[in-house]
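Below are the chains, spelled out letter by letter.
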Amino acid sequence: MAEKSFVIAVAGNPNSGKTSLFNKLTGSNLKVGNWPGVTVEKKEGKVVRGGITFTFVDIPGTYGISARSEDERIAMDFLMKEKPDAVIVVLDSANFNRNFYLFTLIIEMGLRVIPVLNMSDMAEKRGITLHEGRFSSIFGVPFVKTVASSGKGIPGLWKVLEKMGDLEKPKHLPVYPKPVEQAVGRLMAQFPKLAGTRFQALAILDGGIVVLENEKLRQVVSELQGEIEEELDRELDELIAEKRYEFVYSIAKECVERRLRTEQKVALTDRIDRFVTNRYLGGPLFLFAMWLLFYLVFTVGNPFVDWINTGFGALSSMVSGSSIFASFVREGLISGVGAVLVFVPNIFILFFLIAVMEDSGYLSRAAFVADRFMHALGLHGKSFIPMLLGFGCNIPAVMAVRTLENEKDRVLTAMAIPYMSCSARLPVYLLFVGIFFTRYQSTVVFSLYLLGIIIAIIVARVLRRIFFTNAVSPLVMELPAYHVPSLKTAARSAGIRTAFFIKKAGTFIFGTVLVIWVLASLPAGVPYASAQSIIGKIGSAVAPVFHPAGFDSWQAAVALIFGFLAKEVVVGTFGVLYGGQAALSSAIGVHFSALSAMSFMVMTLVYIPCVATIAVIRREIGTKWATLSVCISVTLGYGLAVLVFQVGHLLGLG
Amino acid sequence: MVPLAFVESGSEVEILDFRCGGKCSCRLRELGIVKGCRYLVSTGAKNGPFILSDGETRIGIGAGIAMKVLVREVACG
């Protein structure tokens, strides 16, 4: 049994390597939950070492208190209100000034800190040396140099952690002009609950924290603000920030050594940016990158898909006989679930490439390039990242809206995401383009993705017109330097997400397919999956609705009904109802034409978010919006499918 | 003194003032955009977003804010 236990927050700027450090400290002892009241992911890890229990809490990356996004606010609230026993402040050594500004805020909160000078190798490469010894003697607390990605310096950090009991609070803090110091002193003494720390007193003074509930405090503060601004003839918020930066610069002067700057690496990022973010080239380059992404998803993935297909075919032929069990394994299990699983290679590659883009630094440029365009549509450039994640899976994409800074952006982005074509819709396209558009596979699929984006934008724009009037929030964001992405990390992240897909296929989709198989086999005595079976009757009843869209087979109706649960089920249903991969192609060739295949794909893209996405939308932005999202998508999906078919028909395409 | 939005890419600028609200200037400061600091405008064109870079740091600024950040051109490069 451990004698002592400490709660240690791991804090830092975004892109400071905070999460790698957290992972290195906690290993696999990870518990992922939610912060109370909100859906932002909370990662905690418990480690017992040297008789001490450490509970590490990974708090969201933040720059300070100006944040309006949910996750940054949580980070600051946790530090101020929960008061962890110590904070590991992860500092990106190569971006010293900005990272140290956050450090300054944290030490003013009166917390004990364990500063970590991370990415010290990158800093060295750029000719920057941080002298941890000098830092330690100025602040009276040990500074640890690390390279979290490779684990360098972690043992040293553990040594500091094991002596947590002796850790002092930092002894060196920024000093402000006398009137400010006096005001801080007065606030701290008079309102120990609301302004108990230097940080809180200063934030209340400079307007960073607005206290509404205490009339007396408000009075005192406005009095103090007036007096100080008159005496010093300066705006308080500006003055305080300036003093903090002076503090940061003075520390940098003592402890940071800059040798001749090797411009090479820096210049490379800027040189790439000159093309990638160019106002004329940026957009086309981005579209090309997207097209390349899908091209690779196919060309690299398809040989593997063929192998798996052959494997399932062989498996299916091994199950002979006409018993119910054999029929279930053949038509239900192998055909249904197998039809979904064959696309695992494509999905893995898609997730892998998205992770590579994210890790390389390109994804944040995409947001930047998209800003002007998004701005014109009433969305924030940053909204582009959740939307892009939607290509992988809508669920994490909708969750990612919490990184946006205001309510309006969060709502509009979450409403737009379901039209981003997720990986579950990909099998449907793959099935159809493989049959009808063999020569233009990637172009057709790419155009469907593009259609999704266009619809998403129109929906967001219209909703903004109707529900929101205030201006678009401005874009200020950090763009990390480009670096060669770690293929191992990308593979791991793609692996986790693909495993989730496989698990879903094995449970949820399996269950649905089972239900469809049972309904297709009943009532007893009818031929399997015939129009006389229960499912055939349900499908036949609904099918006429889809006549104007060009696909009125009852199987298609069933596929769409059950596709509501998860869009992978659409393909699974066809697999079950048409009897396996081999029969699937010829059956679909009979029931669809190239044109109705197109309208069916459009329908699948748009018609409804899956159950899980609806649930997440509801959790993130409320029931009203979730309901609206379903209504819009059903209407729009059906309308567009009919439009595609009818216009195509008029043009004599099918 | 000109808004950042009017500066050509490739120029070096010194940040002089912000003409946006308290929250927004606070955000800029937290990201390291501080009065007196010098930055290279590595990307930028009228109406478009801007990138200010200082060796290791790169901050993207949307067209809206670029109008509100006042700068002085230091040198052309």
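Residues numbered from 1 in each chain as written. Chains lettered and ligands numbered in written order. Predicted model: local features only at pLDDT ≥ 70, side-chain atom pairs only at ≥ 80, totals over all residues. Heavy atoms only, no water.

**Considering the overall build of chain B**
Reasoning step 1: Assigned secondary structure in chain B consists of two helices and six strands.
Reasoning step 2: Ordered by position in the sequence, the α and β elements of chain B form the string β-β-α-β-β-β-α-β.
Reasoning step 3: Its C-alpha radius of gyration of 11 Å places chain B within 12% of the 11 Å reference for a compact globule of 77 residues.
Reasoning step 4: Along the first, second and third principal axes, the C-alpha set of chain B runs to 30 × 25 × 20 Å.
Reasoning step 5: A total of 77 residues make up chain B; the buried ones form 61% of that total.
Reasoning step 6: Excluding contacts between residues fewer than 6 apart, the proportion of contacts in chain B whose partners are at least 24 apart in sequence is 64%.
Reasoning step 7: Counting every atom, chain B has about 2800 Å² of accessible surface; 52% of that belongs to carbon and sulfur.
Reasoning step 8: In chain B, which carries 10 positive and 8 negative side-chain charges, the distance between the mean positions of the two groups comes to 8 Å. (Helix = DSSP H or I, 4+ residues; strand = E, 2+ residues; numbered from the N terminus. Rg over C-alpha atoms; globule rule 2.2 N^0.38 Å. Buried < 20%, exposed > 50% of the residue type's maximum accessible area, 1.4 Å probe, protein only. Contact = heavy atoms within 4.5 Å. Areas by Shrake-Rupley, 256 points an atom, 1.4 Å probe, with all protein chains shown as cover. Lys, Arg positive; Asp, Glu negative; His and termini not counted. Charge placed at Lys NZ, Arg CZ, Asp CG, Glu CD.)

**Regarding the environment of Ser442 of chain A**
All names here are of chain A.
Reasoning step 1: Here Ser442 lies in helix α20 (residues 441-467).
Reasoning step 2: Residue classification places Ser442 among the buried positions, given a relative accessible area of 14%.
Reasoning step 3: In sequence terms Ser442 and Glu568 are 126 residues apart; their C-alpha atoms lie 19 Å from each other.
Reasoning step 4: The contact partners of Ser442, leaving out residues within four places of it in the chain, are Tyr295 and Phe298.

**Remarks on the pattern of salt bridges**
Reasoning step 1: Overall, the coordinates contain 19 salt bridges over all chains when judged by the stated rule.
Reasoning step 2: Between Arg244 of chain A and Glu108 of chain A there is a salt bridge whose closest N-O contact spans 2.9 Å. Placement of the pair is Arg244 of chain A in helix α10 (residues 236-255) and Glu108 of chain A in helix α3 (residues 96-108), with a sequence separation of 136 residues.
Reasoning step 3: You can call Arg244 of chain A buried: its relative accessible area is 5%.
Reasoning step 4: Of the charged contacts in the structure, one is a salt bridge between Glu181 of chain A and Arg198 of chain A, with a shortest N-O distance of 3.0 Å. With Glu181 of chain A in helix α7 (residues 178-190) and Arg198 of chain A in helix α8 (residues 198-205), the pair connects residues that are 17 residues apart, well separated along the chain.
Reasoning step 5: Judged by relative accessible area, Glu181 of chain A falls into the partly exposed class, the value being 23%.
Reasoning step 6: One network of salt bridges, with partners in common, ties together Arg234, Glu238 and Glu242 of chain A together with Asp17, Arg19 and Lys35 of chain B. (Salt bridge = Lys/Arg side-chain N within 4 Å of Asp/Glu carboxyl O.)

**Some remarks on the side chain of Asp58 of chain A**
Reasoning step 1: When you line up the elements, Asp58 of chain A lands in strand β4 (residues 52-58).
Reasoning step 2: Among the polar contacts listed, one links the side chain of Asp58 of chain A to the side chain of Lys18 of chain A, at a separation of 2.8 Å. (Polar contact = N/O pair within 3.5 Å; in protein donor to acceptor, adjacent residues only side chain to side chain.)

**Re the packing of aromatic side chains**
Residues and elements named next belong to chain A.
Reasoning step 1: The full count for this structure, using the stated rule, is 34 aromatic pairs over all chains.
Reasoning step 2: Measuring from centroid to centroid gives 5.8 Å for Phe56 and Trp158, while their planes differ by 80°, and the two rings are edge-to-face. On the criterion of sequence distance, the pair formed by Phe56 in strand β4 and Trp158 in helix α6 (residues 154-162) is long-range, its members being 102 residues apart. The same class applies to Phe56 as to Trp158, namely buried.
Reasoning step 3: Centre to centre, the rings of Phe100 and Phe135 are 5.8 Å apart; their planes meet at 35°, and the pair counts as tilted. Within this pair, whereas Phe100 is found in helix α3, its partner Phe135 is found in helix α5 (residues 132-139), the two being separated by 35 residues in sequence.
Reasoning step 4: Of the aromatic side chains, those joined through ring pairs into one cluster are Phe432, Phe436, Phe546, Phe551, Phe574, Tyr578, Phe592, Phe600 and Tyr638. (Phe/Tyr/Trp six-rings, centres within 6.5 Å; stacked < 30°, edge-to-face > 60°.)

**Re the environment of Phe432 of chain A**
All names here are of chain A.
Reasoning step 1: Position of Phe432 among the secondary structure elements: in helix α19 (residues 426-436).
Reasoning step 2: Phe432 gets classed as buried once you look at its relative accessible area, which sits at 0%.
Reasoning step 3: For the pair formed by Phe432 and Phe600, sequence separation is 168 residues and the distance between their alpha carbons is 9.1 Å.
Reasoning step 4: Filtering out sequence-adjacent residues up to four positions away, Phe432 remains in contact with Phe437, Phe574, Ile588, Phe592, Ala597, Phe600 and Met601.

**Regarding the interface of chain B and chain A**
Reasoning step 1: The partner chain A presents 40 residues to the 34 residues of chain B that form the contact.
Reasoning step 2: Summing the contributions of chain B and of chain A, the shared interface buries around 3200 Å²; its carbon and sulfur component is 53%.
Reasoning step 3: The interface formed by chain B and chain A holds two salt bridges in total.
Reasoning step 4: For Glu238 of chain A, the salt bridge identified is with Lys35 of chain B, shortest N-O distance 2.6 Å.
Reasoning step 5: Seen at the junction of chain B and chain A, the total is eight residue pairs in polar contact (both at pLDDT 80 or more).
Reasoning step 6: Within the residue set of the side of chain B that touches chain A, elements represented by two or more residues are α1 (22-30), β3 (38-43), β4 (50-54), β5 (57-61) and α2 (63-66) of chain B.
Reasoning step 7: For the side of chain B that touches chain A, the leading source of residues is α1 of chain B, giving seven residues.
Reasoning step 8: For the side of chain B that touches chain A, the residue count by class is 14 nonpolar, eleven polar and nine charged.
Reasoning step 9: Both strand β10 (residues 476-478) of chain A and β5 of chain B contribute to a ladder of three bridges, which runs antiparallel. (Buried area = accessible area lost by both parts, 1.4 Å probe. Nonpolar A, V, L, I, M, F, W, Y, C, P; charged D, E, K, R; others polar. Pairing = 2+ DSSP bridges.)

**Looking at the nonpolar core**
Reasoning step 1: Judged by nonpolar contacts, the single largest core of 121 residues is most densely connected at Phe432, Ile535, Phe551, Phe574 and Phe600 of chain A.
Reasoning step 2: Here the element with the most residues in this core is α20 of chain A; it accounts for twelve residues.
Reasoning step 3: Contacts of Phe600 of chain A, omitting those with residues within four sequence positions, involve Val428, Phe432, Phe551, Ala556, Leu560, Val570, Phe574 and Phe592 of chain A.
Reasoning step 4: Within the second largest apolar cluster, 93 residues are counted, among which are Ile8, Val160 and Met164 of chain A together with Val69 of chain B. (Core = buried A, V, L, I, M, F, W, Y, C linked by side-chain atoms within 4.5 Å.)

**Focus: the pairing of strand β5 (residues 86-92) of chain A**
All names here are of chain A.
Reasoning step 1: Of all seven residues in β5, seven are buried, a share of seventy percent or more.
Reasoning step 2: Judged from the five bridges that link them, strand β1 (residues 4-12) and β5 form a sheet pairing that is parallel. The partner of Ile8 across the bridge, within β5, is Ala86.
Reasoning step 3: In this fold, β5 hands off to α3, which returns the chain to strand β6 (residues 113-118); that crossover is right-handed. (Right-handed = clockwise from strand over helix to strand, strands pointing away.)

**A word on the domain arrangement of chain A**
How big an interface is tends to be stated in terms of the accessible area lost upon association of its parts.
Reasoning step 1: For chain A, the domain assignment lists domain 1 (4-166), domain 2 (178-238) and domain 3 (282-472 + 486-650).
Reasoning step 2: One C-alpha centre belongs to domain 2 of chain A, the other to domain 3 of chain A; they are set 54 Å apart. (Domains from an automatic or database assignment.)

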